[in-house]
Amino acid sequence: MMDLPCIQWQDYVAQKWTVLDPELKEKFTTLLEIDDIFKCSLTLTTQEDLDFVQSISAAYSVQKEAQQAAKCRERGNSSFKIRDFTAAALHYSQGICVNPLSSEQLSLCYANRSAALYHLQHYQDSLKDIDRALKHGYPSHLSHKLEDRRTQCLRHLSVDQKGKDNPDSKNPTDGGKGTSVGPLSFGICPQAVVGFSPEKGRHLVAAERIAAGEVLLHDRPYSCVLIPGMEEVQGKGGRQDAEGGVEHRRCHRCLTETLSPVPCEGCSYTRYCSTSCQRDAWEEHHQWECSLGADLMVMGVMSQLALRVTLKAGLKNIQMAKEPIRNEHTEPESRDSKPPDPCASHYGDTYRSVFHLQHHLNRHSPCVRFLSAITIATLYLKLSKAGPPPASWNLSRPLQANSHPPDEEGGIGAAWNSELWLMGSVVLRHMLQLRCNAQAIITLQDTGAENSPVQSSREIRIATAMFPTLSLLNHSCCPNTSLAFSTGTHLSADFSESVAEMRSKASGVTVAVRAAKDISPGQEILHCYGPHSRRMPTQERQCFLQEQYYFLCQCEACTLQQQSEEEDGSEGRQQCSSVGGNPQSGLLCGKCKGSLNRSSEERGKGFICSQASCGHCVALSEVNQRLQEIKQDLKKAVDLMERERPGDSEKPKYEALRLLRRTQSPSALSLAETHPLQGELEDATARAYATMGDWSNAASHLERSAVAIENQYGKESIELGRQLFKLAQLHFNGGARGPALSVIPRVRKLLCLHCGPQCEELQELQAMEDCLTA
């Protein structure tokens, strides 16, 4: 998990804790203030620790290398030859990012990428790369190629513009439904208020009735960090062979997806969607992160995010956040009363809201506190050696009496003593907060072949963020809200860079929280931290939440499940734990097709047919083996379909279909239509038939998949909405007018409920419906 420091560093710090002098260990354990913990950890951090970080950070090098750039360009050329232009653009982009500014390879990579972008019809981006190639010394005897491409790009842009200017032409994605360039309105809706209690802390409550689908709040992260090494997708025309994960095709500031990133001039890792994002990130945090790139990889995403939040805040905001809160409603005669708890109030999307998030210092184990403190102390020392303090950390007024720096023997230069000491302490505060307040940014990614007629996608976690207002929401395993993230902007290549930069500033990363069901006045507004009642058994959920978030979940789902288990006894508990809390196993007897139930006998280690006339038994080992075989065949089939490239033969499709059919071969057990794995098999089979153009068979299998999806996630779930959206596509592609028109309204309702009326899928649905009813 990249959120935490790398394993080598975790093991190193764990060993350091093990051999620590008992008196020092006792002293560290009894410290109750973050400032004191940071000062103590600073005295325990040695040059040996810095050297160890240096030794393991070599594996995460962010240095620019011309030799590596040449290899990237060669891989790009190979992809270009087979007309896999997306993969080619990604390889050329990686070559651009790892290329030193003085390398002759840089102009060649820009020129090659302009060609790939041209074939992808990204004409505006292609023009920019032509200019960059010439600027960086593209060979003059070849420049006529670039000028010819420039002419072609301008011709295409001119034709496109004429089409837009034609009053008779209609943009199918327009019609007043497009997102506006103007900024969004952030904050909590008027129907909800912030509440506080010692047990729940700050939380959100409905003040009035809130209808399903209404937006409860819009929020943007105070800061976020891309998760390195997270492979985005394996399809999209050879994507598996393209460079790395999300960090190679998304802006490192606003997370916009891009095939033509603007590289950082100092390191090979960081890249942006525009010069605007590049400039803003440099001013906000990257000028201090750039030289520490490899070290930050070692320290993990949470450490980097904690540092970014602190750098963005600056000394002035932190000093303001640390000041006691004045109670405006206190009567003059009660001025000596206890000041209000700052953690009980909400301050909008300001830094103060972030600063006063719960850090749960007393609940973290000593080992976790020690790992966090030594990690941040090491980062503190690394930062102090990298250069002068950030400009936002110049002292504008004396520190408070309780904010004195550590002694000179701490080894930090005088210029850093006060500023950076407080910085380090605040970074540690945010590091501890993030263990319970970090929010994963999730986005939907295509996994099918490029230009596939049917959408195939999965959710992927691309970044970790700290949201000031979203953090108010408490957890429920059966939440009454739905989250929809927006990353960056979605612009056609025809927009000028100035407009793109304006849109980027207006949007960036945002989250919209919608009511997933009607919420009554006084009811708490809740969302899921990960463990959902539809995906995980009760005991497993509660263990996870207790370990990660330090509370025993007593939400509606957990309470009802516990009551059910108490009423049903041990047999009920065994059955409920088999498939995501569902009282049925989802397995069928291979002899009579009756349902298989988990044996209720203490010695029973398997399943028995529910039909008394049959009584067929299947050992647990046999069940596990059969399920493993089915999963392996499913994975092989999906891999074959996701690795499909332009120009590939039909053979992989038929091989995938053969593997999927094999999962249905007779055995001692089979899967019920409601079993989640059966839903995955039907979905993959539908996908195989769709790639062959057999729309009728594809739709038939997808309908069966939707049955399993509805059983697992519920009839009002976004998962069912996405599955039915694919079904609508299949019916439309197959010319099945009646079935398509019958499913479209249901899809529209679910997508509006969870994603809002502006989502792209709804625009596609409308275009399908218009075509079918014309």
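Our subject is the structure that appears above.
Residues numbered from 1 in each chain as written. Predicted model: local features only at pLDDT ≥ 70, side-chain atom pairs only at ≥ 80, totals over all residues. Heavy atoms only, no water.

A. Focus on the overall build of the protein. The helix and strand inventory of the protein stands at 25 helices and 18 strands. Within the protein, the fraction of its 774 residues that count as buried is 51%. Relative to all contacts within the protein whose residues are 6 or more apart in sequence, the contacts with residues 24 or more apart total 71%. By element, 49% of the accessible surface of the protein is carried by carbon and sulfur atoms, the whole surface being about 35,900 Å². (Helix = DSSP H or I, 4+ residues; strand = E, 2+ residues; numbered from the N terminus. Buried < 20%, exposed > 50% of the residue type's maximum accessible area, 1.4 Å probe, protein only. Contact = heavy atoms within 4.5 Å. Areas by Shrake-Rupley, 256 points an atom, 1.4 Å probe, with all protein chains shown as cover.)

B. How the structure looks around unusual backbone geometry. Positive phi is not limited to glycine here, since Arg-83 has a value of about 65 degrees. Relative to the helices and strands, Arg-83 resides in the loop between helix H5 (66-81) and helix H6 (85-98).

C. Region of interest: the sheet that holds strand E13 (residues 524-527). An order of E2-E3-E13-E10 is seen for the 4 strands of this open sheet, with the pairing classed as mixed. This sheet does not close on itself; its edge strands, each paired only once, are strand E2 (192-197) and strand E10 (474-475). Note that strand E3 (residues 201-206) and E13 share 2 bridges and pair antiparallel. In the sheet register, Val-205 faces E13, and the bridge partner there is Glu-524. (Pairing = 2+ DSSP bridges.)

D. Expanded view of the pattern of salt bridges. Applying the stated rule across the entire model yields 25 salt bridges. The closest approach of N and O atoms between Glu-524 and Lys-200, which form a salt bridge, is 2.8 Å. Placement of the pair is Glu-524 in strand E13 and Lys-200 in the loop between E2 and E3, with a sequence separation of 324 residues. Taking relative accessible area as the criterion, Lys-200 reaches 45% and is therefore assigned partly exposed. As a salt-bridge pair, Glu-459 and Arg-722 come within 3.2 Å of each other at their nearest N and O atoms. Highlighted residues: Glu-459 in strand E9 (residues 457-466) and Arg-722 in helix H23 (residues 718-733), separated in sequence by 263 residues. According to the relative accessible area criterion, Glu-459 is partly exposed, its value standing at 47%. (Salt bridge = Lys/Arg side-chain N within 4 Å of Asp/Glu carboxyl O.)

E. Region of the structure containing the packing of H5 against H6. For the pair H5 and H6, the least separation of the axes is 8 Å and the interaxial angle reads 170 degrees. Judged by the angle between their axes, H5 and H6 are roughly antiparallel. Where H5 abuts H6, its residues Ala-66, Gln-68, Ala-69, Cys-72, Arg-73, Arg-75, Gly-76, Asn-77, Ser-79 and Phe-80 lie against Phe-85, Ala-87, Ala-88, His-91, Tyr-92, Gln-94, Gly-95 and Val-98. Here the contact of H5 with H6 is composed, by residue class, of 9 nonpolar, 7 polar and 2 charged. (Axes fitted to C-alpha atoms, helices over the stretch in contact; angles between N-to-C directions. Parallel < 35°, antiparallel > 145°, perpendicular 65-115°, else oblique. Nonpolar A, V, L, I, M, F, W, Y, C, P; charged D, E, K, R; others polar.)

F. A look at the pairing of E9. Bridge count for strand E5 (residues 223-226) against E9 is 4 bridges, and the pairing is antiparallel. What sits directly across from Val-225, in E9, is Thr-464. Sheet topology note: the strand E8 (residues 439-446)/E9 ladder contains 8 bridges and is antiparallel. Opposite Thr-443, over in E9, you have Ile-460 as the bridge partner.

G. Spotlight on the packing of aromatic side chains. Enumeration over the complete set of coordinates arrives at 14 aromatic pairs. Look at Phe-38 and Tyr-380: their rings are 5.1 Å apart centre to centre, the planes differ by 75 degrees, and that puts the pair in the edge-to-face class. Here the residue Phe-38 occupies a position in helix H3 (residues 34-44), and Tyr-380 occupies one in helix H14 (residues 366-386), the gap between them amounting to 342 residues. Taking relative accessible area as the criterion, Tyr-380 reaches 3% and is therefore assigned buried. (Phe/Tyr/Trp six-rings, centres within 6.5 Å; stacked < 30°, edge-to-face > 60°.)

H. The sheet that holds strand E17 (residues 617-619), seen in detail. Strand order across the open sheet formed by 3 strands is E15-E16-E17, with antiparallel pairing between neighbours. Here the strands that pair on one side only, and so sit at the sheet edges, are strand E15 (596-598) and E17. Neighbouring strand axes in the sheet, compared pairwise and without regard to direction, differ in orientation by 30 degrees on average. Two strands pair when backbone bridges link them, and E15 and strand E16 (residues 606-609) are joined in this way by 3 bridges, in the antiparallel orientation. Paired with Leu-596 across the strands is Cys-609, a residue of E16. Packed on one face of the sheet, helix H19 (residues 620-642) meets E15, E16 and E17 and runs near 70 degrees to E17.

I. The arrangement of the nonpolar core in detail. With 62 residues, the main nonpolar core has Trp-9, Phe-38, Ile-318, Tyr-351, Phe-370 and Leu-428 as its most contacted residues. Breaking this core down by element, the ones donating at least two residues are helix H1 (7-18), H3, helix H4 (47-57), helix H11 (293-299), helix H12 (301-322), helix H13 (351-355), H14 and helix H15 (417-437). Broken down by element, the residue count for this core peaks at 11 residues, all from H12. In this structure, Cys-609, Leu-627, Leu-677 and Trp-695 belong to the second largest nonpolar core, which totals 49 residues. (Core = buried A, V, L, I, M, F, W, Y, C linked by side-chain atoms within 4.5 Å.)

J. Focus on the packing of H19 against helix H21 (residues 676-691). Interaxial distance between H19 and H21 falls to 10 Å at its minimum, and their mutual angle equals 30 degrees. Looking at the two axes, H19 sits roughly parallel to H21. Two packed elements cross with a definite hand, and for H19 against H21 that hand is left-handed. Taken together, the residues of H21 that come into contact with H19 (itself represented by Leu-627, Ile-630, Lys-631, Leu-634, Val-638, Met-641 and Glu-642) are Leu-677, Glu-680, Leu-681, Ala-684, Arg-687 and Ala-688. Tallied by class, the residues present in the contact of H19 with H21 amount to 9 nonpolar, no polar and 4 charged. (Left-handed = near helix turned anticlockwise from the far one by under 90°.)

K. Up close: the side chain of Thr-481. Residue placement: Thr-481 occurs in strand E11 (residues 481-486). With a relative accessible area of 8%, Thr-481 lands in the buried category. Only 2.6 Å separates the side chain of Thr-481 from the backbone oxygen of Leu-526, close enough to count as a polar contact. Ignoring any residue separated from it by four or fewer positions in sequence, one finds Thr-481 in contact with Leu-216, Leu-473, Val-513, Arg-514, Ala-515, Ala-516, Ile-525, Leu-526 and His-527. (Polar contact = N/O pair within 3.5 Å; in protein donor to acceptor, adjacent residues only side chain to side chain.)

L. Just the side chain of Ser-705, in detail. In this structure, Ser-705 sits in helix H22 (residues 695-713). Assessed through its relative accessible area of 0%, Ser-705 is described here as buried. Every residue in contact with Ser-705, bar those within four places of it in the chain, is listed here: Gly-679, Glu-682, Asp-683 and Gln-723.

M. Quick peek at H12. Between its first and last C-alpha, H12 extends only 25 Å over 22 residues, short of the 32 Å set by a 1.5 Å rise per residue. Taking the largest bend as the criterion, H12 deviates by roughly 95 degrees, centred on Gly-314. Of all 22 residues making up H12, 17 are buried, and the element is well covered by its neighbours. (Expected span 1.5 Å × (residues − 1). Bend = angle between axes of the 7 residues up to and from the residue.)

N. Summary view of the state of the cysteines. Applying the stated rule across the entire model yields 0 disulfides. This cysteine, Cys-617, is not joined by any disulfide, and Cys-614 carries the nearest cysteine sulfur, 8.8 Å off. (Disulfide = S-S within 2.5 Å.)

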